[in-house]
Amino acid sequence: MSKTVELIYQGKSYTLPIIEGTCGEQAVDISALRNTTGLITYDPGFVSTGSCQSDITFLDGEKGILLYRGIPIEQLAEHSNFIETSFLLIHGHLPNQSELDYFKHHVTHHSMVHESIKNLYDGFPNNPHPMAVCSAVVGSLATFYQDQLNVQNEREIEIAIHRLLAKLPTIAAYSYKKSIGQPFSYPQNALSYTENFLHMMFSNPCEDYEVDPLVAKVLDILLILHADHEQNCSTSTVRLVGSSRCNLYSSVSAGIYALWGPLHGGANQAVIEMLQTIQDAGGNVRQFVDKAKDNDDPFRLMGFGHRVYKNFDPRSKIIKKLAHEVFDKLGLNEPLLDIALQLEEIALKDDYFISKKLYPNVDFYSGLIYKALQIPVNMFPVMFAIGRLPGWIAHWIELQGDKDFKIGRPRQIYQGQEKTDYTPLKKRK
Ligand code: SDX
């Protein structure tokens with residue numbers, strides 16, 4: 001017998017169905033609430049509201065569990081690679097050899113961008129933030145393929161998937177080259193996904209450039225860890241834009257902008273800037289932890305806290321271990337890592353953080369690794385976007401085929417001026 005809840009309102013009883021998830025989540029189905037009771041719900045930030053039913057990613061915030069299509073993130077980080085994980089998220093299963101070869105071939109052979117796209121970069125002012133560039137240039141792809149934007153044409157969608165996965169690293173690397181006034185480096189099809197990105201970022205026409213395999217491997221693991229995270233702010237943005245049957249390029253462009261915010265994917269850049277501020281102020285970590293606890297002080301410990309994880313973010317654990325390995329293998333002594341470790345140690349013993357269940361999230365250590373890989377700080381959110389792209393694509397596709405598909409259009413509670421009359425200009429004070 002299916003579970004239900006009873007709502008008593010104005011003396012009447014209403015029975016609402018419970019939807020149960022495959023991992024035990026319970027949801028009250030309120031889709032008929034307004035039609036049956038006249039009531040709507042109020043939930044700023046959707047803290048207790050599910051927007052959809054999804055098969056893609058499962059999080060357990062209390063237990064610190066993250067599964068992509070049922071596979072634990074720890075196993076994917078250890079055994080998989082980003083291209084294979086992208087296929088898993090988008091197509092719902094691990095690829096066999098021929099599926100993987102086909103996917104890899106098409107992602108590799110769409111990595112060049114139309115030569116006219118370079119003119120866009122010349123139109124930007126000097127040193128624009130690469131997130132603004134990436135979103136604008138990804139959005140422009142809808143102009144280059146405007147006769148292939150039918151969201152119900154499977155072949156057109158497949159090509160758009162390959163183009164986005166292939167071209168975002170190129171667009172991102174070009175945004176970096178633009179910011180330092182160096183010529184763009186074309187993609188190299190013989191290189192792996194992350195080797196190709198690093199080559200486009202750091203090679204130049206004056207000398208040979210060899211990609212360090214350790215750096216390419218570490219970057220691949222970081223991309224896997226960022227690949228999806230259920231209905232986070234940017235993924236929900238991609239779904240909302242896609243719910244108007246808007247094309248994939250434009251929906252992803254909107255997702256990049258949403259990810260840029262310092263409360264979301266921009267946090268990895270904000271963490272490094274925060275650690276640098278602490279170092280520049282003399283390294284007194286306790287002083288900054290106290291600032292973060294002061295409700296009258298807007299300062300927050302960037303890289304701490306999470307809407308879902310009320311335990312350690314499993315990605316943060318993997319990234320912290322990776323950071324130590326990278327610094328050891330590259331023989332780096334990073335003072336900001338020492339500050340981060342002190343910050344974590346003090347915060348995790350402090351009642352404020354314990355009571356509010358604030359733990360390091362995915363952004364707390366990732367920036368330290370990107371810094372060690374010589375990636376500039378303002379490119380950190382771009383690395384997050386490259387990682388999150390397969391997740392955005394997977395959710396956009398799931399939405400388009402959802403049996404409960406509806407355009408997203410939340411309600412509101414109006415608290416403004418009640419009905420009043422127009423006052424002619426002469427009669428206004
Ligand atoms: C990502 O959703 C996802 O899955 C996101 C993400 C993904 O993979 O897509 O995991 C990636 O965005 C990680 C989060 C990166 N952002 C940051 O590190 C920025 C710092 N963290 C916060 O601003 C905050 O923790 C959020 C935005 C991450 C979560 O905000 P919530 O869920 O709305 O929680 P909240 O702001 O209501 O905080 C709850 C309490 C508040 O205190 P009270 O009002 O209850 O007294 O905790 C406090 C907050 O003031 N708090 C912090 C804090 N984070 C929350 N206090 C100090 N430092 C912090 N970092």
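Points about the site of the ligand
Neighbouring the ligand are 23 residues; H229, R300, L301, H306 and R315 lie closest to it. For the ligand, a nitrogen atom lies 2.7 Å from a polar atom in the backbone of L301. Within the side chain of R315, a nitrogen or oxygen atom sits 2.6 Å from an oxygen atom of the ligand. Compared with its free state, where it exposes 1,000 Å², the ligand has 77% of that area covered by protein. The class makeup of the residues in the shell around the ligand is 10 nonpolar, seven polar and six charged.

Observations concerning the pattern of salt bridges
Throughout the structure, instances matching the rule amount to 16 salt bridges. Between K63 and D60 there is a salt bridge, with its nearest N and O atoms 3.9 Å apart. Residue classification places K63 among the exposed positions, given a relative accessible area of 62%. For D60, a relative accessible area of 14% translates into the label buried. E115 serves as the salt-bridge partner of K118, at 3.5 Å between the closest nitrogen and oxygen. The network of salt bridges with common partners includes R286, D290, K293 and D350.

The rules behind the values
Residues numbered from 1 in each chain as written. Predicted model: local features only at pLDDT ≥ 70, side-chain atom pairs only at ≥ 80, totals over all residues. Heavy atoms only, no water. Near = heavy atom within 4 Å. Polar contact = N/O pair within 3.5 Å; in protein donor to acceptor, adjacent residues only side chain to side chain. Areas by Shrake-Rupley, 256 points an atom, 1.4 Å probe, with all protein chains shown as cover. Nonpolar A, V, L, I, M, F, W, Y, C, P; charged D, E, K, R; others polar. Salt bridge = Lys/Arg side-chain N within 4 Å of Asp/Glu carboxyl O. Buried < 20%, exposed > 50% of the residue type's maximum accessible area, 1.4 Å probe, protein only.

Interpretation in functional terms is not warranted from these geometric data alone.
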